[in-house]
Amino acid sequence: MSREVLEYVAKALVDQPDEVRIRELEEDGQPVLELRVHPDDMGKVIGKRGRTAKAIRTMVKAASSDDDGGAHVEIVDE
Amino acid sequence: MSADQHEQQVAEADEGHALSTEEWLDQLDHEADLAADFIEGLLDRLDLPGDIDIEVTEDQAFVRINEVGTGLLIGRRGQTLEALQELTRCAVQRQTEQRAHVRVDVEGYRQRHLEKLKDKCRDAIAEVRETGEAVRLEPMDAYERKVMHGLVAQSGGVVSASEGADPRRRVVIRPDREGDED
């Protein structure tokens with residue numbers, strides 16, 4: 001469920017939703033969702049002083065509290 | 001474009017607007033519709049029920065979510081609701097490219113919080129009148145500050161201003177000394 005929520009939210013925030021990529025992985029046994037967006041959309045998912053990124057993480061955590069104990073979202077800059 | 005530049009552009013676009021009342025209300029209606037669409041889709045992905053109500057007043061669009069049946073969207077000390085507000089604002093702004101005036105509430109949580117802030121503000125107004133000393137209210141968001149300024153403006157003998165930077169920006173209430181510049 002958290003993946004669907006992340007994908008939905010990210011696509012709603014960016015100008016190029018087709019460029020939204022999500023990868024599920026594990027780091028030290030913890031679930032991680034890696035989010036990639038078009039470079040021009042980085043500001044849209046991070047926001048002023050990281051405000052939007054923080055909101056994304058909070059919402060994904062809320063979404064995942066019952067199934068996988070809270071996936072961490074990493075926004076990948078490339 | 002950096003996030004800061006984006007924010008700035010949005011803020012300038014807001015100040016530049018010179019809409020008629022009707023156009024302005026249409027814009028708020030549009031914002032509320034976009035917000036409701038975003039939230040409906042989100043509830044779907046969260047597999048949550050919920051009734052979404054829209055209300056547009058002269059300066060704000062309200063989107064209220066009720067009957068969710070869980071505190072999940074509110075979170076500890078309202079932090080998930082804060083996140084929902086931020087994400088909704090961003091989703092709306094991306095489409096309108098203007099500063100959004102949408103306020104999201106879940107099960108009346110923020111309304112209750114606002115009532116508490118109003119009570120504290122009334123107490124503070126009484127204190128300023130009594131002591132002649134300025135009183136600082138707790139940090140609030142832009143909408144909450146506006147409501148507090150409204151309360152102060154209705155009360156004689158006191159004036160208010162905002163100080164500091166978001167998210168720590170707060171309202172300061174002072175005695176109204178006419179002719180006194182500060």
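Now for a description of the structure that goes with this document.

About the thresholds
Residues numbered from 1 in each chain as written. Chains lettered and ligands numbered in written order. Predicted model: local features only at pLDDT ≥ 70, side-chain atom pairs only at ≥ 80, totals over all residues. Heavy atoms only, no water. Helix = DSSP H or I, 4+ residues; strand = E, 2+ residues; numbered from the N terminus. Rg over C-alpha atoms; globule rule 2.2 N^0.38 Å. Buried < 20%, exposed > 50% of the residue type's maximum accessible area, 1.4 Å probe, protein only. Contact = heavy atoms within 4.5 Å. Areas by Shrake-Rupley, 256 points an atom, 1.4 Å probe, with all protein chains shown as cover. Lys, Arg positive; Asp, Glu negative; His and termini not counted. Charge placed at Lys NZ, Arg CZ, Asp CG, Glu CD. Axes fitted to C-alpha atoms, helices over the stretch in contact; angles between N-to-C directions. Parallel < 35°, antiparallel > 145°, perpendicular 65-115°, else oblique. Nonpolar A, V, L, I, M, F, W, Y, C, P; charged D, E, K, R; others polar. Buried area = accessible area lost by both parts, 1.4 Å probe. Salt bridge = Lys/Arg side-chain N within 4 Å of Asp/Glu carboxyl O. Expected span 1.5 Å × (residues − 1). Pairing = 2+ DSSP bridges.

## Considering the overall build of chain A
Secondary structure summary: chain A contains 3 helices and 3 strands in total. Reading the secondary structure of chain A in the N-to-C direction produces α-β-β-α-α-β. Its C-alpha atoms give chain A a radius of gyration of 12 Å, near enough to 12 Å, the size a compact globule of 78 residues would have. Overall, the C-alpha framework of chain A stretches about 30 × 20 × 20 Å when taken along its three principal axes. The buried share of chain A, taken over its 78 residues, is 49%. Across chain A, every contact between residues at least 6 apart in sequence was considered, and the portion connecting residues at least 24 apart equals 52%. Total accessible area on chain A stands at roughly 4,000 Å², and carbon and sulfur atoms take up 42% of it. Counting 12 positive and 18 negative side-chain charges, chain A places the centres of these two groups 8 Å from one another.

## So, the environment of Glu 40 of chain B
Residue and element names in this part refer to chain B. For Glu 40, the position within the fold is in helix α2 (residues 21–46). Overall, the relative accessible area of 51% leaves Glu 40 in the exposed class. Put simply, Glu 40 and Ile 52 are 12 residues apart on the chain and 7.7 Å apart in space, counted from C-alpha to C-alpha.

## A few points about the packing of helix α1 (residues 2–13) of chain A against helix α3 (residues 79–96) of chain B
The contact between α1 of chain A and α3 of chain B brings their axes to 8 Å, and the two run at 40°. If you check the angle between α1 of chain A and α3 of chain B, you find them oblique. Judged by residue contacts, Val 9, Ala 12 and Leu 13 of chain A of α1 of chain A engage Leu 87, Cys 90, Ala 91 and Arg 94 of chain B from α3 of chain B. Classifying every residue of the contact of α1 of chain A with α3 of chain B by side-chain character gives 6 nonpolar, no polar and 1 charged.

## Structural notes on the interface of chain B and chain A
Contact with chain B, which involves 25 residues of that partner, is made by 23 residues of chain A. Buried surface at the junction of chain B and chain A, both sides included, amounts to about 2,100 Å², of which 69% is carbon and sulfur. Of all residues in chain B, Arg 45, Leu 87 and Arg 94 of chain B bury the most surface against chain A, accounting for 29% of the area lost on that side. Taken together, chain B and chain A are joined by 2 salt bridges. Among the salt bridges present, the one from Arg 94 of chain B reaches Asp 15 of chain A, with a minimum N-O distance of 3.8 Å. When contributions to the side of chain B that touches chain A are tallied by element, the ones reaching two or more residues are α1 (3–15), α2 and α3 of chain B. No other element matches α3 of chain B, which puts 10 residues into the side of chain B that touches chain A.

## Brief notes about α2 of chain B
Taking 1.5 Å per residue, 26 residues should reach 38 Å; α2 of chain B reaches 37 Å between its end C-alpha atoms and fits that length. Positive phi appears at Asp 47 of chain B, one or two residues downstream of α2 of chain B, with a value of about 60°.

## A word on the sheet that holds strand β1 (residues 51–56) of chain B
Residues and elements named next belong to chain B. Spatially, 3 strands are ordered β1-β2-β3 in an open sheet, and the strand pairing comes out mixed. Here the strands that pair on one side only, and so sit at the sheet edges, are β1 and β3 (102–106). Ignoring strand direction, the axes of neighbouring strands in this sheet form an average angle of 20°. Bridge analysis of strand β2 (residues 61–66) against β3 gives 5 bridges, and the strand direction is parallel. The residue bridging Phe 62 from the neighbouring strand is Arg 103, located in β3. Of the strands in this sheet, β1, β2 and β3 touch α2, which is tilted by about 165° from β1.

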